[in-house]
Amino acid sequence: MAPTRRALVTGVTGQDGSYLAELLLDQGYEVVGMVRRSSTVNFERIAHIQDSLRLVPGDVLDEVSLLEILREHRPNEVYNLAAQSFVQTSWRQPVFTGEATALGVTRILDAIRLTDPEIRFYQASSSEMFGKVREVPQHEQTSFHPRSPYGVAKVYGHWITVNYRESYGLHASSGILFNHESPRRGLEFVTRKVSHAVARIKLGLDSEVRLGNLESKRDWGYAGDYVRAMWAMLQQDEPDDYVVATGETHSVRELCEVAFERAGLDWERHVVVDEQFFRPAEVDLLVGDASKARDRIAWTTEVGFVELIQMMVDADIDLLHREGA
Ligand code: NAP
Ligand code: F7E
């Protein structure tokens, strides 16, 4: 019988961490999830699988905690999903964003190098690295021009992953993932902000939602589809970098149309444009070319844009009902 594989997931309490942990458990892995200390427990996204996970305390700001976890749990694969991931916050907390989202990657890579260089490593890179895009669509060779401290930090995380692969021969791969959403998305991101607002308006709890740039365009996919790509990258003989995207782009305005329509509402009666949600520098248009992921790791999407947004609106209406609204 093949030995049980063990994976460490940093950021396991986040949107992607929860879907990835489910996938790894389904594949028969022992899943070690790293959680950082907080004054209240925030395990909502993993509550349904919590008993099957081994949750261990640690922080990407603290290299000793990472070394201890690797020494004690000896994973075969490490998925680094931990980050300060909200772009808007990165202008307010640029140094913290750099510490967690950029240097956190080096801390993990170094801990791997020192404890067990055979560990396979996944880095959660981002389409935000393309920023002021040089070409459309964006692929693995497109140059980076990040437009936020978050994007800059992700560029560092990406290149340090490539560098440790080239310097030390680590099996380190970087997934350049475009926006991916789900009912588990944080409430501050625009898709979930809109789906949650639609549910509240539908149930008479609110009358409007205030948004920023309605013309901005994103390539939005479903998080459940994207975590399959992360796992597939680490099953390849050779480490590499892959763009993961749907290849379709939609504006925030279209997102509003689909979301409000799902609840039988007219978005123009409820959406208010508010300057406070505009960004100091914007990424206007993102659309990815995932041909390499399709060809080399057989990655495909199962959930399209309209289905995704409808799923999120339905889930938020259900959630509010369950909360007794
Ligand atoms: P998310 O929901 O914001 O989750 C981020 C996770 O990182 C949370 O579990 C958070 O823990 C943890 N974390 C933050 N700071 C940490 C620290 N100092 N030490 C340890 N853990 C820390 O993000 P996501 O959407 O799942 O994204 C996962 C990763 O993919 C992130 O690196 C993100 O930047 C990247 N990414 C996301 C997308 C996307 O569209 N979702 C696209 C490209 C790349 P708490 O729960 O304690 O806050
Ligand atoms: O913004 C516009 C906003 O915050 C999308 C993260 O997962 O994906 C995510 O970053 C767009 C932007 O995601 C509001 O200006 C308009 O153009 O949902 P978002 P993001 O910044 O694209 C990338 C790939 C990551 O890696 C990140 O970790 O929507 N927008 N009005 C708004 N955005 C927000 N949040 N709120 C608004 O009111």
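Attention in this report is confined to the structure presented alongside it.

Conventions and cut-offs
- Here the residue numbering is sequential within each chain, running from 1 through the sequence in written order.
- In the order they appear in the text, chains get letters beginning with A and ligands get numbers beginning with 1.
- Note on the predicted model: pLDDT of at least 70 is required for a residue's local features to be given, and 80 or more for side-chain atom pairs to be given and counted; whole-chain, interface and lining totals, by contrast, use all residues.
- For the side-chain quantities, the full set of heavy atoms in the structure was used; hydrogens and water were omitted.
- Strands are runs of DSSP state E lasting at least 2 residues, helices are runs of H or I lasting at least 4, and numbering of each runs from the N terminus.
- We call two N or O atoms a polar contact when they sit within 3.5 Å, provided that within protein one can donate a hydrogen and the other can accept it, with sequence-adjacent residues counted only if both atoms are side-chain atoms.
- We call a residue near a molecule or strand whenever a single non-hydrogen atom of that residue lies within 4 Å of it.
- The Shrake-Rupley method, run with a 1.4 Å probe sphere, supplies the accessible areas, and residue values consider only the shown protein chains as cover.
- Charged residues are taken to be Asp, Glu, Lys and Arg, nonpolar residues to be Ala, Val, Leu, Ile, Met, Phe, Trp, Tyr, Cys and Pro, and polar residues to be all remaining types, Gly included.
- Note that the domain bounds were set by an automatic or database domain assignment.
- In this description, a nonpolar core means a group of buried Ala, Val, Leu, Ile, Met, Phe, Trp, Tyr and Cys residues linked to one another through side-chain atoms lying within 4.5 Å.
- Relative accessibility thresholds used throughout: buried, under 20% of the residue-type maximum; exposed, over 50%; partly exposed, between the two (1.4 Å probe, protein chains only).
- Planes of paired rings set the category: under 30 degrees apart is stacked, over 60 is edge-to-face and the rest tilted, where pairs are Phe, Tyr or Trp rings (Trp by its six-membered ring) whose centres lie within 6.5 Å.
- Lysine and arginine charges are scored as sitting over a ring when NZ or CZ, respectively, is within 6 Å of the ring centre and within 35 degrees of the ring normal.
- To estimate how far a helix should extend, the number of its residues minus one is multiplied by 1.5 Å.
- Residue contacts are defined here by distance: any two heavy atoms, one from each residue, within 4.5 Å place the two residues in contact.

## Here's the deal with the side chain of Asn213
Looking at where Asn213 falls in the secondary structure, it is placed in the loop between β8 (209-211) and β9 (217-218). At 3.0 Å, the side chain of Asn213 forms a polar contact with the backbone nitrogen of Glu215. Of the polar contacts made by the side chain of Asn213, one reaches the backbone nitrogen of Ser216; its length is 3.5 Å.

## Regarding the site of ligand 2
Within the structure, ligand 2 sits among 23 residues, and Ser126, Tyr150, Ser216, Arg279 and Glu282 are positioned closest to it. Note that an oxygen atom of ligand 2 is positioned 2.9 Å from one of the side-chain N or O atoms of Arg185. A distance of 2.5 Å separates an oxygen atom of ligand 2 from a polar atom in the side chain of Ser216. Alone, ligand 2 offers 700 Å² of accessible surface; in the complex the protein occludes 96% of this. Among the residues making up the shell around ligand 2, the classes are represented as eight nonpolar, seven polar and eight charged. In terms of domain composition, the shell around ligand 2 takes at least three residues from each of domain 1 (6-180 + 221-244) and domain 2 (186-218 + 248-286 + 303-322).

## Things to note about the nonpolar core
If you look at the biggest cluster of nonpolar residues, it comprises 62 residues, and the most contacted ones within it are Leu24, Tyr79, Tyr122, Phe260 and Ile309. Top element by residues in this core is helix α7 (residues 223-234). It accounts for nine residues. Residues from two domains meet in this core; each of domain 1 (6-180 + 221-244) and domain 2 (186-218 + 248-286 + 303-322) gives at least three. Formed by 23 residues, the second largest nonpolar core is a distinct cluster that contains Leu67, Val78, Ala82 and Leu170.

## Focus on the site of ligand 1
Within the structure, ligand 1 sits among 25 residues, and Thr13, Asp16, Arg36, Ser85 and Tyr150 are positioned closest to it. Taking Gly11, its main chain carries an N or O atom lying 3.3 Å from an oxygen atom of ligand 1. Separating an oxygen atom of ligand 1 from a side-chain N or O atom of Arg36 is a distance of 2.8 Å. For ligand 1, whose free accessible area comes to 900 Å², the fraction covered by protein is 90%. For the shell around ligand 1, the secondary structure elements donating two or more residues are α1 (15-26), β5 (120-126) and α5 (149-168). When residues in the shell around ligand 1 are grouped by element, the largest group, three residues, is from β5.

## Topic: unusual backbone geometry
Looking along the chain, the bond that leaves Val136 and enters Pro137 is cis, with omega of -5°. Summarising the element assignment, Pro137 is placed in the loop between β5 and α5. For Ala298, which is not glycine, the phi torsion reads 55° and is therefore positive. Looking at where Ala298 falls in the secondary structure, it is placed in the loop between α9 (291-297) and α10 (305-322). On the accessibility criterion, Ala298 (62% relative accessible area) is exposed.

## Description of the packing of aromatic side chains
One pass over the full model with this rule turns up nine aromatic pairs. Look at Phe86 and Phe189: their rings are 5.2 Å apart centre to centre, the planes differ by 80°, and that puts the pair in the edge-to-face class. Within this pair, whereas Phe86 is found in the loop between β4 (77-80) and α3 (87-92), its partner Phe189 is found in the loop between β7 (180-181) and α6 (190-202), the two being separated by 103 residues in sequence. The interplanar angle of 20° and the centroid separation of 5.9 Å between the aromatic rings of Trp220 and Phe305 together place this pair among those described as stacked. Taken as a pair, Trp220 in the loop between β9 and β10 (221-222) and Phe305 in helix α10 lie far apart in primary sequence, 85 residues in all. In textbook terms, an aromatic cluster arises when at least three aromatic residues are bridged by ring pairs, as seen for Phe130, Phe144, Trp159 and Phe178. Cation over ring: Arg184 sits above Tyr19, and NZ or CZ is 4.0 Å from the ring centre. Above the plane of the ring of Phe277 lies Lys193, whose end atom (NZ or CZ) is 3.3 Å from the centre.

## Points about α1
Each α-helix turn comprises 3.6 residues. Residues three or four places apart therefore point the same way. With twelve residues, α1 should reach 16 Å at 1.5 Å per residue; the first-to-last C-alpha distance of 17 Å fits that figure. Most of α1 is tucked away: nine of the twelve residues are buried. Residues of α1 that are buried make contact with β1 (6-10), β2 (30-35), β4, β7, β10 and α7. Backbone geometry just after α1 places Gly28 at a positive phi near 90°.

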